[in-house]
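So the chains spell out like this:
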Amino acid sequence: MSRRKKGTHIPATLPILAKLSHEYGHEDPTSAQNGSDSCKHPFTVAQWRDLTSKLKENFSQTDRERMQTLALGIREGLLWCDETMDRYCGLTCHGCRDFCCDADGIYFDDADLIYLLILDNDLPANQTRAKAGLACRYLSITGCILPRMCRPFICTWYLCEPQMELLTAEPLPLQKQFTAVMQMVRRCRQQLLALHNKPSPAIKNLAAPLPCQ
Ligand code: SF4
Ligand code: SF4
């Protein structure tokens, strides 16, 4: 009996993500896992603008194409799971007593912003909260006003208990696809961050010992 190849649970309708899945398999880049989330706090408008320019400055031309492919894969995965997540929210969120959009600590992280910027999207107007402790500024009475592909990834990655129950009641192939897509989006985000945080060749050259004269 042949073993199922890694990544084959990614739906065939997601060609970019499926290709990335075959390339990266299940390895997470350790450098990205240890990466800082320097932007996970409230910003003034001017600080948010500065952060945007600083993140853009770090887009190395050599890695730009690769980063764009990763970001396209992320977007593909997020768009694919949108219908399922919206359906789950429609079934569970109304009347929820522990509204997760009010929870502390939900902010755009570095990978969220790099993913949007490398695809030439405008960033949302600011961080999710004007001040720590306030509810998310993108929450309206009808739910989140941001399209899923522009929300912090945590807002899609997090499935609360009632939503987990809905997922586990789905046919097994869909459960496996959903899990594989989420895991692959996560892996692409880590790769994207690793490329963004990679020291530039100029910095590497400065750090290298000078050749003997
Ligand atoms: S996702 Fe779950 S925890 Fe969050 S508001 Fe909806 S039902 Fe509540
Ligand atoms: S961005 Fe949207 S989904 Fe995420 S916490 Fe804010 S309102 Fe909720």
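Everything quoted here is computed from the prediction, not taken from an experiment. (Residues numbered from 1 in each chain as written. Chains lettered and ligands numbered in written order. Predicted model: local features only at pLDDT ≥ 70, side-chain atom pairs only at ≥ 80, totals over all residues.)

### A short note on the overall build of the chain
Okay, so step 1: Of regular secondary structure, the chain possesses 9 helices and 2 strands.
Okay, so step 2: In the chain, the share of contacts with a sequence separation of at least 24, taken over all contacts with a separation of at least 6, comes to 80%. (Helix = DSSP H or I, 4+ residues; strand = E, 2+ residues; numbered from the N terminus. Contact = placed C-beta atoms within 7 Å.)

### As for the packing of helix 4 (residues 61-92) against helix 8 (residues 172-197)
Working note: a packed helix pair is described by the angle between its axes plus the distance between those axes.
Okay, so step 1: Look at helix 4 against helix 8: their axes get within 9 Å of each other, and the N-to-C directions meet at 155°. Comparing their axes, helix 8 and helix 4 come out roughly antiparallel. Between helix 4 and helix 8 lies a crossing of left-handed hand. When helix 4 is examined against helix 8, the residues Asp63, Arg66, Met67, Leu70, Ala71, Gly73, Ile74, Gly77, Leu78, Trp80, Cys81 and Thr84 are found in contact with a partner set consisting of Phe178, Val181, Met182, Met184, Val185, Cys188, Arg189, Gln191, Leu192, Leu195 and His196.
Okay, so step 2: Residues that form the contact of helix 4 with helix 8 fall into these classes: 15 nonpolar, 5 polar and 3 charged. (Axes fitted to C-alpha atoms, helices over the stretch in contact; angles between N-to-C directions. Parallel < 35°, antiparallel > 145°, perpendicular 65-115°, else oblique. Left-handed = near helix turned anticlockwise from the far one by under 90°. Nonpolar A, V, L, I, M, F, W, Y, C, P; charged D, E, K, R; others polar.)

### A look at the site of ligand 1
Okay, so step 1: Lining the immediate surroundings of ligand 1 are Cys89, Thr92, Cys93, Cys96, Asp98, Phe99, Cys100, Cys160, Pro162 and Gln163.
Okay, so step 2: Of all the elements in the fold, those that place two or more residues in the shell around ligand 1 are helix 4 and helix 7 (161-168).
Okay, so step 3: Residue composition of the shell around ligand 1, by class: 7 nonpolar, 2 polar and 1 charged. (Near = placed C-beta within 6 Å.)

### Observations concerning the packing of helix 1 (residues 15-24) against helix 8
Okay, so step 1: One way to put it is that helix 1 packs onto helix 8 with a least axis distance of 10 Å and a crossing angle of 70°. Between helix 1 and helix 8, the angle falls in the class roughly perpendicular. The way helix 1 lies across helix 8 gives a crossing that is left-handed. In contact with Leu17, Leu20, Ser21 and Tyr24 of helix 1, helix 8 contributes Val181, Met184, Arg187, Cys188 and Gln191.
Okay, so step 2: Its residues placed into classes, the contact of helix 1 with helix 8 shows 6 nonpolar, 2 polar and 1 charged.

### Description of the site of ligand 2
Okay, so step 1: The local shell around ligand 2 consists of Cys101, Ile106, Thr128, Cys136, Tyr138, Leu139, Cys144, Leu146, Arg151, Pro152 and Cys155.
Okay, so step 2: The class makeup of the residues in the shell around ligand 2 is 9 nonpolar, 1 polar and 1 charged.

### Concerning the confidence of the model for the chain
Okay, so step 1: Scored by pLDDT, the chain comes out at a mean of 86, with 85% of its residues at no less than 70.
Okay, so step 2: Taken element by element, the predicted model of the chain shows its lowest mean pLDDT in helix 9 (residues 201-207) (46) and its highest in helix 7 (97). (pLDDT = per-residue confidence, 0-100.)

### Section: unusual backbone geometry
Okay, so step 1: Positive phi, normally seen in glycine, also occurs at Asp120, with a value near 60°.
Okay, so step 2: Within the secondary structure, Asp120 sits in the loop between helix 5 (110-118) and strand 1 (139-140).
Okay, so step 3: Here Asp120 falls in the exposed class, since 8 other C-beta atoms lie within 10 Å of it. (Buried ≥ 20, exposed ≤ 12 C-beta atoms within 10 Å, placed from the backbone.)

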